[in-house]
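# Residue-level structure breakdown
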Amino acid sequence: MPERSWRPDGPLNLGLTVAPHRHGSGDPVWQTTPDGALWRACRTPEGPGTLRISVVAGQVHGMAWGLGAEWLLETMPDLLGAADDPAGFGALLDAMGDDPVAGFLKGLHQHASGMRIGRAGRVFEALVPAVLEQKVVGREAFRAWRWLVRKYGDPAPGPGPEGLRVPPSPGTWRLVPSWDWHRAGAEAVRARTIVNAARHEGKLETASTTWEADRLLRALPGIGVWTSAEIRQRVWGDADAPSVGDYHIPGLVGFALTGEKTDDEGMLRLLEPFAGHRHRVVRLIELSGRRPPGRGPRMAPRDYRNF
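Now for a look at the structure at hand.

Here is what the cut-offs are and how they apply
Residues numbered from 1 in each chain as written. Predicted model: local features only at pLDDT ≥ 70, side-chain atom pairs only at ≥ 80, totals over all residues. Heavy atoms only, no water. Phe/Tyr/Trp six-rings, centres within 6.5 Å; stacked < 30°, edge-to-face > 60°. Helix = DSSP H or I, 4+ residues; strand = E, 2+ residues; numbered from the N terminus. Buried < 20%, exposed > 50% of the residue type's maximum accessible area, 1.4 Å probe, protein only. Lys NZ or Arg CZ within 6 Å of the ring centre and 35° of its normal. Pairing = 2+ DSSP bridges. Axes fitted to C-alpha atoms, helices over the stretch in contact; angles between N-to-C directions. Parallel < 35°, antiparallel > 145°, perpendicular 65-115°, else oblique. Left-handed = near helix turned anticlockwise from the far one by under 90°. Contact = heavy atoms within 4.5 Å. Nonpolar A, V, L, I, M, F, W, Y, C, P; charged D, E, K, R; others polar.

Moving on: the packing of aromatic side chains. All told, the structure shown has three aromatic pairs when counted by the stated rule. Here Trp 39 and Trp 65 contribute two aromatic rings whose centre-to-centre distance is 5.5 Å and whose plane-to-plane angle is 15°, an arrangement assigned as stacked. In this pair, Trp 39 is assigned in strand E3 (residues 38-44) and Trp 65 in strand E5 (residues 59-66), connecting sequence segments 26 residues apart. For Trp 39, a relative accessible area of 7% gives the class buried. Of the residues examined, Trp 65 reaches a relative accessible area of 15% and is grouped as buried. Each ring, one from Trp 145 and one from Trp 173, has its centre 6.3 Å from the other, and the planes form 20°; the classification is stacked. Of the two residues, Trp 145 is situated in helix H6 (residues 138-152) and Trp 173 in helix H7 (residues 170-175); the sequence distance between them amounts to 28 residues. The class for Trp 145 is buried, based on a relative accessible area of 2%. Owing to a relative accessible area of 1%, Trp 173 belongs among the buried residues under this scheme. Clustering of aromatic rings is evident, with ring pairs tying together Trp 145, Trp 173 and Trp 181. One cation-aromatic arrangement involves Lys 151 over Tyr 152; the distance from NZ or CZ to the ring centre is 5.7 Å. A cation over a ring is seen here: Arg 290 above Phe 104, with NZ or CZ 5.1 Å from the ring centre.

If you want it as structure tokens, here you go:
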């Protein structure tokens, strides 16, 4: 069983850093045990693997099992934001002087100290749940992801917690029959998007930059600017990829920064001074808990299993 220790060059909040990679509290790919350790099951380039991460006194300790163990340990610092630049964001805010928006974000940045934007490094681990989350409420997408991974994923190597599973391979996603997509609650459009993307998995996984990944992803039917951003945030740790086209985020950003809700165009104008860190700003606003009054109708869940 290989192991690795790593000390970040600044504060690290494991929970806040990893949260975007988890899809609901019952995600079978990510689990937290009572001792505070985080477990990740992954289909790495070398094969299935399991990673256990614990943090004690600022020191990160990783243990891994399976064919992908060495890859998981090698990429563990990237997953936890080793290549991220939160200090650069702090310097940007300092350079803005007494600007009230910068002061507000500086407070959020300090409060969420240790929140980093990490690189998970596996496209399909992010692509499938991102597509499942298109135009539906979170709990509906999380339910579909759980159902499909539990049915078509593999048991995670090693002594991980019960129910921990490695996501299906792209080849397996291509073989999921239509009736199981239906049972999971994913209609034909999202299913076709995932199956088609699986045919191009080799090219997607070799993209070396977030810009190349954006071009390749958006060339695929069913993947637009929102889905591409959601994937690149997680796979390449893109701190400047805001989720344009999201149902909630423009309103959150507008209300937090101006006191009024806005649309995508308005959100991008508000985020422009923070170029290079626009997704980070959105994450900080989401974590702040600051929400506009709920005056409009909520987006209701739709259970496609009943259609």
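This is not the end of the story, as more comes after the structure.
Quick look at the pairing of E3 now. Of all the seven residues making up E3, seven are buried; the element is thus mostly covered by neighbouring parts of the structure. With burial as the criterion, each face of E3 is covered, one bearing Leu 38, Arg 40, Cys 42 and Thr 44 and the other bearing Trp 39, Ala 41 and Arg 43. Taking the residues that link successive antiparallel strands as the turn, the strand E2 (residues 30-32)-E3 hairpin has five residues, and the phi of Gly 36 there is positive, at about 90°. Of the strand pairs in this sheet, E3 and strand E4 (residues 47-56) are connected by seven bridges, and their pairing is antiparallel. Residue pairing for E4: Cys 42 is matched across the bridge by Gly 49.

Viewed as axis vectors pointing N to C, helix H5 (residues 123-132) and H6 meet at an angle of 135°, and their least axial separation amounts to 8 Å. On the basis of their axis angle, the class for H5 and H6 is oblique. For H5 against H6, the interelement crossing comes out right-handed. From H5, Glu 125, Val 128, Pro 129 and Leu 132 reach across to H6, where they touch Ala 141, Ala 144, Trp 145 and Leu 148. When its residues are assigned to classes, the contact of H5 with H6 shows seven nonpolar, no polar and one charged.

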